[in-house]
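Spelled out, the chains give:
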Amino acid sequence: MKSVIDRAATRKARWEREVLEPALKKSPERKGPFTTISGRPIERLYTSDDVEGIDYDRDVANPGEFPYTRGIHPSGYRGKLWTMRQFAGFGTPEETNQRYKDLIAAGGTGLSVAFDLPTLMGRDPDHPLSLGEVGKCGVSIVSLQDMERLFDGIPLDDPKITTSMTINSPAPMIFAMYLVVAERHGADWKKISGTIQNDILKEFIAQKEYIFPPRQSMRLITDIFAFCSNEVPKWNTISVSGYHIREAGSTSLQELAFTLRDGLEYVQYGVDAGLDVDDFVPRISFFFNSHSDFFEEIAKYRAARKLWAEAMKNRFGAKSPRSWQLRFHTQTAGVSLTAQQPYNNVVRTALQALAAVLGGTNSLHTNSLDEALALPTKEAATIALRTQQIIAHESGVANIVDPLGGSYFVEKLTRDMEEGTLKYWETIDRMGGMVEAIERGYPQKEVAEASYQFQQAVERREKVIVGVNDFVQTDEKPIEILYIDESTAARQLERLADLKRSRDNDQVRRTLDALKAGARGTANTMPLLLDCVRAYATVGEMCDALREVWGEYEEVPII
Amino acid sequence: MSQKIRVVIAKPGLDGHDRGAKVIARALRDAGMEVIYTGLRQTPEQIVSAALQEDADVIGLSILSGAHMHICPRVMELLKEKGLDDVQVVIGGIIPDVDIPKLNGMGIKGIFLPGTPMQQIIDFINGHARARV
């Protein structure tokens, strides 16, 4: 082994002396720094000596084989293309329902619901903090009635069009609404599939849409694991998300390490709640960002599959290959989009989407060109979907599985991402786990620091953002944007008042009291929430019932 | 007595995306200002009362959710009520072009959209904060 490395080192040294140095004398390299967007130094050349320690069968393996570095499907996208799942939601349920029908008509193959901030924070439109926020960043969902409007005319049991819902603290309430709508459409819970994000840990780390304290929040999640393994076995119970950690300013490595460590935390809590690993882990999926540094992102996805497979097998003793196989959704990086020269965002998004596809994503959302300015217009959303279709049907990259496997650079970078992740895991394990690490502010501090370092690099123009700190244009014409007015708030307030007049308020009170009693004890909260939903209790009322029992979380802000 | 400019950075509304607020808080501190970050989900009342207690010269609001046309008028009204008319209010975030003249009309001159260099914000605050005596 040593002599092989020596030989390789000599080979590289000879090349550097005889070929590189004379060339550099004539034409020196650019000033650099030659680093990824996350600040990772990159060498000018990778050769076979960089992959000396990597064993193909053990560390890489063919697609469909443990540890799945090259992908979980033996035939990659030759069998089924990734799901083109565009995240959408704004205004009233009816407006969003129309956008979904437009996306399906344009060839979208999955739905993804964006909720407005009051819904995400478990507040009804008549709460003072909801002022000005109803229907702005997503669709407003107050009660079962709204959920019925949202999915009107959309088949919930069609395996070809599954729905993902980006909801976290109120995930059990929204999921319960979805299940009741499915029931009323005549769909069988045993057959329906879909996803709820339901990932509270990254909310504490990054996006901050938490309501209850960490441990009570974790209980809601294990309640869903247990409920689904019996009642809704095909449902993806959690989408463990790095997307928001990255958007909050983390490096690529931090996104990978914290997200997978969050995943381990959920598995541990599930096991501690008495569940069998192979019963619930196959329904855990992941959600990553695709940022602008092309190869670093591809390496991240490849490393993610390997790390998860090995952790499930070795750390948790999972026996089922379905527990080992990491499935993930990807969204291109919203934070990389610029308000300046917005058409450039189409190009950024296309490159990021290509990285996700080369990394083997199972589903993908591509951002729209106008998202640094507002929620997307229908035209912008269509171009974003077309970007995926061009990659899928014109570029040829979907013909081959893991085309970058075996690249000296990509394999080395994959290994580096893996090693970096294991180091972060060690630190977090020493703290007692991710919940404990979050309580100490550890991942929050890491992310805040990385985000500040990146901003400084942009200010110094070490990192160029085209149209922002270089190649600036002063004669830009504004583009048309989607403007959401106050009519949604007025309509939702009126409907809420109507609902409170027409429903059986005694029944609402009884179901909410039963929920509170369950929360004080150890009963599974899902059946209790289903009763509340059937009685037309609102999202705000159900969350308030739990706030009353568990209190609300408040963070100590870390700058 | 310190002559440092005192800035309250606040994140009103329900949104939790605090990357911008935190980065700007740290950049202003590094530029020699006294920065107080209120944390998340502050009502206009809480923000103005923080400005009063902290003897702030400047309030920086970070708003991305589209709720600015509700939050900003209320903050300006409360400042007037408390006699804090000379506190300079600046906004950073996603603000549609059509709303900018309306916000200017309320007395909010510093509106910083995505991609604004930190130095531009620092210079604006240095040039517009009320004089400390």
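Residues numbered from 1 in each chain as written. Chains lettered and ligands numbered in written order. Predicted model: local features only at pLDDT ≥ 70, side-chain atom pairs only at ≥ 80, totals over all residues.

1. Quick word on unusual backbone geometry
That bond from Gly32(A) to Pro33(A) is cis: its omega, 0°, falls within 30 degrees of zero. Tracing the backbone through its elements, the reader meets Pro33(A) in the loop between α1 (2–26) and α2 (56–60). That bond from Phe66(A) to Pro67(A) is cis: its omega, 5°, falls within 30 degrees of zero. Relative to the assigned elements, Pro67(A) resides in the loop between α2 and β1 (83–88). One non-glycine residue, Asp402(A), lies in the positive phi region at around 45°. Mapped onto the elements of the fold, Asp402(A) is located in the loop between α15 (378–393) and α16 (408–431). Of note, Asp55(B) is a non-glycine position whose phi angle comes to about 55°, a positive value. With respect to the helices and strands, Asp55(B) occurs in the loop between α2 (44–53) and β3 (58–63). According to the C-beta neighbour criterion, Asp55(B) is partly exposed, with 13 such atoms within 10 Å. (Helix = DSSP H or I, 4+ residues; strand = E, 2+ residues; numbered from the N terminus. Buried ≥ 20, exposed ≤ 12 C-beta atoms within 10 Å, placed from the backbone.)

2. Considering the pairing of β1(A)
Residues and elements named next belong to chain A. In terms of burial, β1 is a largely internal element, six of the six residues being buried. Of the two faces of β1, the one holding Thr83, Arg85 and Phe87 and the one holding Met84, Gln86 and Ala88 are both buried throughout. Here β1 pairs with strand β9 (residues 363–365) via two bridges, running parallel. If you follow Met84 over to β9, its bridge partner there is Leu364. Looking at chain direction, β1 and strand β2 (residues 110–114) are connected through four bridges and run parallel. Within β2, the residue paired with Arg85 across the bridge is Gly110. In the classification by handedness, the crossover that spans β1, the intervening helix α3 (residues 93–105) and the parallel β2 is right-handed. (Pairing = 2+ DSSP bridges. Right-handed = clockwise from strand over helix to strand, strands pointing away.)

3. Considerations on the interface of chain B and chain A
At the junction of the two partners, chain B supplies 30 residues and chain A supplies 34 residues. Of all the secondary structure elements, the ones that give two or more residues to the side of chain B that touches chain A are α1 (19–30), α3 (68–81) and α5 (118–128) of chain B. In terms of residue count, α1(B) provides more of the side of chain B that touches chain A than any other element does, five residues in total. A class-by-class count of the residues in the side of chain B that touches chain A yields 14 nonpolar, nine polar and seven charged. (Contact = placed C-beta atoms within 7 Å. Nonpolar A, V, L, I, M, F, W, Y, C, P; charged D, E, K, R; others polar.)

4. A word on α15(A)
Residue and element names in this part refer to chain A. Across its 16 residues, α15 extends 22 Å between first and last C-alpha, which sits within 8% of the 22 Å expected from 1.5 Å per residue. Within the span of α15, buried status applies to Ala380, Ala381, Ala384, Leu385, Thr387, Gln388 and Ile391. One face of α15 carries all of its buried residues, which in axial projection span an arc of 140°. Among the structural elements, β1, α3, α14 (344–358) and β9 are those in contact with the buried residues of α15. (Expected span 1.5 Å × (residues − 1). Arc of directions from axis to C-beta.)

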